[in-house]
Amino acid sequence: MMIIAMNGPEFKAWREGFDLTQADVATHFDVSRTTIQNWEALAGPLPPAVDYGLELWSRSLRQRQPLRGPVTLNYSDGPMFIRPYGPRRPMAMLQQEAHASNAAVLARVAMLASSDGMFNPFVLEEGDHDLWNIVELQRVVDGKDPTAPTLPNMLRRLAAGIRADAPNFVRSGPLMWTQQEINQRVDDLGVFAQELERIARMSVPEIVRERRSVDANMAGIRQLGIRPKDELVTAIAQALVAAAMPIG
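Overview of the structure. (Residues numbered from 1 in each chain as written. Predicted model: local features only at pLDDT ≥ 70, side-chain atom pairs only at ≥ 80, totals over all residues. Heavy atoms only, no water.)

### Some points on the packing of aromatic side chains
Right, so step 1: Applying the stated criterion to the full structure yields 6 aromatic pairs.
Right, so step 2: Here Phe-11 and Trp-14 contribute two aromatic rings whose centre-to-centre distance is 6.3 Å and whose plane-to-plane angle is 20 degrees, an arrangement assigned as stacked. Taken as a pair, Phe-11 and Trp-14 lie in helix H1 (residues 8-17) at a separation of 3 residues, close to a single helical turn.
Right, so step 3: Given a relative accessible area of 6%, Trp-14 falls into the buried group.
Right, so step 4: Under the relative-accessibility criterion, Phe-11 is labelled buried at 0%.
Right, so step 5: Here the aromatic cluster, defined as three or more aromatic residues joined through ring pairs, consists of Phe-11, Trp-14, Phe-18, Phe-29, Trp-39 and Trp-57. (Phe/Tyr/Trp six-rings, centres within 6.5 Å; stacked < 30°, edge-to-face > 60°. Helix = DSSP H or I, 4+ residues; strand = E, 2+ residues; numbered from the N terminus. Buried < 20%, exposed > 50% of the residue type's maximum accessible area, 1.4 Å probe, protein only.)

### Observations concerning the sheet that holds strand S4 (residues 129-132)
Right, so step 1: Here 4 strands make up an open sheet; going across it, the order is S2-S1-S3-S4 and the pairing antiparallel. Two strands close off the open sheet at either side, each with one partner strand: strand S2 (94-99) and S4. This sheet shows a mean twist of 30 degrees between the axes of neighbouring strands, independent of strand direction.
Right, so step 2: As judged from the 3 bridges shared by strand S3 (residues 119-125) and S4, these two strands associate in the antiparallel manner. Among the inter-strand pairings, Glu-125 is bridged to a residue of S4, identified as His-129.
Right, so step 3: Its contacts with the sheet place helix H4 (residues 48-64) against S3 and S4, and it is angled at close to 65 degrees to S4. (Pairing = 2+ DSSP bridges. Axes fitted to C-alpha atoms, helices over the stretch in contact; angles between N-to-C directions. Contact = heavy atoms within 4.5 Å.)

### With respect to the pattern of salt bridges
Right, so step 1: Scanning the model with the defined rule gives 10 salt bridges in all.
Right, so step 2: Across the pair Arg-59 and Glu-136 runs a salt bridge, and its minimum N-O distance is 2.6 Å. Remark: Glu-136 occurs in helix H6 (residues 134-141) and Arg-59 occurs in helix H4; sequence separation between them is 77 residues.
Right, so step 3: For Glu-97, the salt bridge identified is with Arg-108, shortest N-O distance 2.9 Å. (Salt bridge = Lys/Arg side-chain N within 4 Å of Asp/Glu carboxyl O.)

### Focus on the packing of helix H8 (residues 179-200) against helix H10 (residues 211-223)
Right, so step 1: Contact geometry for H8 and H10: axes closest at 10 Å, N-to-C directions at 155 degrees. Taken together, H8 and H10 sit at an angle that is classed as roughly antiparallel. The chirality of how H8 crosses H10 is left-handed. Seen from H8, the contacting residues are Leu-189, Phe-192, Glu-195, Leu-196, Arg-198 and Ile-199; seen from H10, they are Ser-213, Val-214, Asn-217, Gly-220 and Ile-221. (Parallel < 35°, antiparallel > 145°, perpendicular 65-115°, else oblique. Left-handed = near helix turned anticlockwise from the far one by under 90°.)

### Things to note about the packing of helix H5 (residues 102-115) against helix H11 (residues 230-243)
Right, so step 1: Viewed as axis vectors pointing N to C, H5 and H11 meet at an angle of 35 degrees, and their least axial separation amounts to 7 Å. Considering the relative orientation of H5 and H11, their crossing is right-handed. Two secondary-structure elements touch here, H5 through Ala-103, Ala-104, Ala-107, Arg-108 and Met-111 and H11 through Ala-235, Gln-238, Ala-239, Ala-242 and Ala-243.

### Structural notes on helix H7 (residues 151-165)
One full turn of an α-helix is made of 3.6 residues, so residues set three or four places apart face in the same direction.
Right, so step 1: Compared with an ideal rise of 1.5 Å per residue, which puts 15 residues at 21 Å, H7 spans 21 Å between its outermost C-alpha atoms and is within 8% of the ideal.
Right, so step 2: Buried positions along H7 lie against H5, H8, helix H9 (204-209), H10 and H11. (Expected span 1.5 Å × (residues − 1).)

This is how it looks when you write it as structure tokens:
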């Protein structure tokens, strides 16, 4: 999404579109919340430095959204460089794949990278807007982008959410939970969280082979009354489906 000379109302719409509060934006720019309110009240364009900062931040925010999509993965099936001497390789062909979401395409990239059958990848979203370039995707594959919605990162987020929600529940019926019951429930959920954390330390191909364990943990979590965020559960499911696609 290219941001050029936004005015106040456009800036407010941009903020709300990314589900950011005025306090979130104020913290990012190291200004007061009153300053953000003043920017949103501008009839004319924002200051150029702010507008440029929003453009850069917008890219990062788009990359963090697990269900952002649809997206298209583009890559060649061979090296693009051809040596002027020696035997000629078959001509590399451009490959294109449609994926439902950001989470799905990153899982697919990780699987293709493990097979050495992908060169020069980049990802576009609707309208031919650049979402991921080759350098950014390499950081994702190498596990160096903790904010990207990769399978390992999303499983870590899921485990963290389970641990945070474990003590928070209400028992239906006339009886209150005893402290022993509370402790047992927290311990049981901790086991599921620990297992998800173990799987999250694996590579994406290894996680795909552990899919039954992921599904079993999700079912156990639901049985204990924890409902993870729908966005995260859906994104993990889409990523597992994309990662299981045939290669070659």
